[in-house]
Structures are given as C-alpha cells and as structure tokens.
Amino acid sequence: MSLEMKRNQLRRRFISQEAEIDSFILKTGKYESHEQKIKVENAMFVIDELPIYISDSVYDFESLVNSIKRFASLKKISIVIVDYIQLVNHWIKGANREQVVSEIGRTLKNLVSELNIPIIALSQLNRSVELRPDQKPILSDLRESGALEQHADMVWFIYQDKKLLDKNEIQKNQYHIDVAANRDGKAGSYRDWE
C-alpha cells in the first residue's frame, strides 16, 4: 500500500536497483549504451515476474483497510507493507493526530490477527533524531505516536551512523538494523547489514 509514491515510480525504482542503473536514465530513456538498455530490459522482466501487488489509490483509512482485506481475499499475499502510516487520512471526532496514528496502529494490529498475515507499517521519524551526532533513532522518535510502539509486535530502525559515514568508515550502502522493541524476542542492535 503506497501512499507516498505512485506504482510506476516504485516499479522504476525497483528496475533501477535490479539493473544497477540510475533511475533518471530510466525516466528519460537516454541509455548510455546498448548494454545498459539490455540490462534494463532484463531487469524489467525480473521485476515484472515478481509476485508484488502495489496499490497506490488508497488515501483514507477505511479504503486502506478495505484494500488490505480485498487483497487478502482475492490474492495469495504473504505480507502487507504500508508506506507510510502518517500519510493515512483518518478522522476521529475530537482526536489529535497522535491519537489518530495510535488508532491506525491498533486497527492494523487487529488486521494481523484477523487475516493471519504480517503487516509492516513504515513510519516517519521526528526531527529530534537529526540532533544526535550519530542520528541513531530511538522509540520516542516515531512521529506523531506515543502508542504506535505499544501496538507493534516489533519496531525496527534501519539507519546509517552519520559519524561513520562522514569519516568514510562505512559505505553509502551499509546500514545498521536496531530492533528497538520485540514482543516475542530480544531487542538490540545487529551488525552492519548491506
């Protein structure tokens, strides 16, 4: 469920990553060589054969929930990803945005139980993470949510240590994974992951 990007933009991004070619080249169609065009065509075939269904027409919470239920009933889906939770429009009379995001999290948690499939809800972080030297996120950095982490079975942060990146001690494509909360297991940091 993509609330941030359109389906064709995501497809182009996937193809770009698979072909290891800048997405701007795909957007313009100005290939630097015949080999590059072949790489893109091969990548398109690989991506288009993947069992990925992208819904980019969801704008409010009711249509999000209905779309998830429809996909679960019509197709054999094994996971749902919502990108991202703060873009979901939902109105609860008299509620502030934090209460709304909390309600969205609670309803998604209930859907996990009802449909028996995992749901990954991506979330923005607030700006306070940028004030720390390493920019390592913590639970209180989840934007507009005091309760989102309470509804989640797991909270993962994927980030780059900006101090190490600035010192060229890690590469641009290396990330840390921190399991900040885990209802059924251990929390903690994992080694660099590429």
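See the structure printed just above.
Described in the following lines is the structure provided in the data block. (Residues numbered from 1 in each chain as written. Predicted model: local features only at pLDDT ≥ 70, side-chain atom pairs only at ≥ 80, totals over all residues. Heavy atoms only, no water.)

## So, the overall build of the protein
Counting its secondary structure elements, the protein contains 7 helices and 5 strands. When the helices and strands of the protein are placed in sequence order, the string is α-α-α-α-β-α-β-α-β-α-β-β. Across the 194 residues of the protein, 33% fall into the buried class. In the protein, of all internal contacts separated by at least 6 residues, the share reaching a separation of at least 24 is 51%. Surface accessibility of the protein: about 12900 Å² in total, with carbon and sulfur atoms responsible for 50%. (Helix = DSSP H or I, 4+ residues; strand = E, 2+ residues; numbered from the N terminus. Buried < 20%, exposed > 50% of the residue type's maximum accessible area, 1.4 Å probe, protein only. Contact = heavy atoms within 4.5 Å. Areas by Shrake-Rupley, 256 points an atom, 1.4 Å probe, with all protein chains shown as cover.)

## Remarks on helix H1 (residues 7-19)
For H1, spanning 13 residues, the distance from its first C-alpha to its last is 18 Å, which sits close to the expected 18 Å at 1.5 Å a residue. Buried-residue contacts for H1 involve helix H2 (23-28) and helix H3 (34-49). Positive phi appears at Glu-20, one or two residues downstream of H1, with a value of about 60°. (Expected span 1.5 Å × (residues − 1).)

## Describing unusual backbone geometry
A positive phi is found at Glu-20, a non-glycine position, where the angle reads about 60°. Residue Asn-116 is not a glycine yet carries a positive backbone phi of 60°. Relative to the helices and strands, Asn-116 resides in the loop between helix H5 (97-115) and strand E2 (119-121). When its relative accessible area of 69% is taken as the criterion, Asn-116 is described as exposed.

## Here's the deal with the side chain of Asp-178
Here Asp-178 is to be found in strand E4 (residues 175-182). Within the structure, the side chain of Asp-178 is placed 3.4 Å from the side chain of Tyr-159, a separation counted as a polar contact. (Polar contact = N/O pair within 3.5 Å; in protein donor to acceptor, adjacent residues only side chain to side chain.)

## A closer look at the environment of Arg-7
Within the fold, Arg-7 resides in helix H1. Considering only alpha carbons, one finds Arg-7 and Ser-55, 48 residues apart in sequence, at a separation of 7.1 Å. Non-local contacts of Arg-7, meaning those with residues more than four positions away in its chain, are made with Ile-54 and Asp-56.

## Considerations on the side chain of Ser-2
Position of Ser-2 among the secondary structure elements: in the segment before H1. Owing to a relative accessible area of 4%, Ser-2 belongs among the buried residues under this scheme. Within the structure, Ser-2 has its side chain in polar contact with the backbone oxygen of Met-5 (distance 2.5 Å).

## Description of the pairing of strand E3 (residues 154-159)
Walk down a regular strand and you will see the side chains alternate between the two sheet faces. Here E3 shows a clear split, with Val-155, Phe-157 and Tyr-159 buried on one side and none of Met-154, Trp-156 and Ile-158 buried on the other. Relative to E4, E3 runs antiparallel, the two being bridged by 6 bridges. Looking at the pairing, Ile-158 lines up with Ile-177 of E4. (Pairing = 2+ DSSP bridges.)

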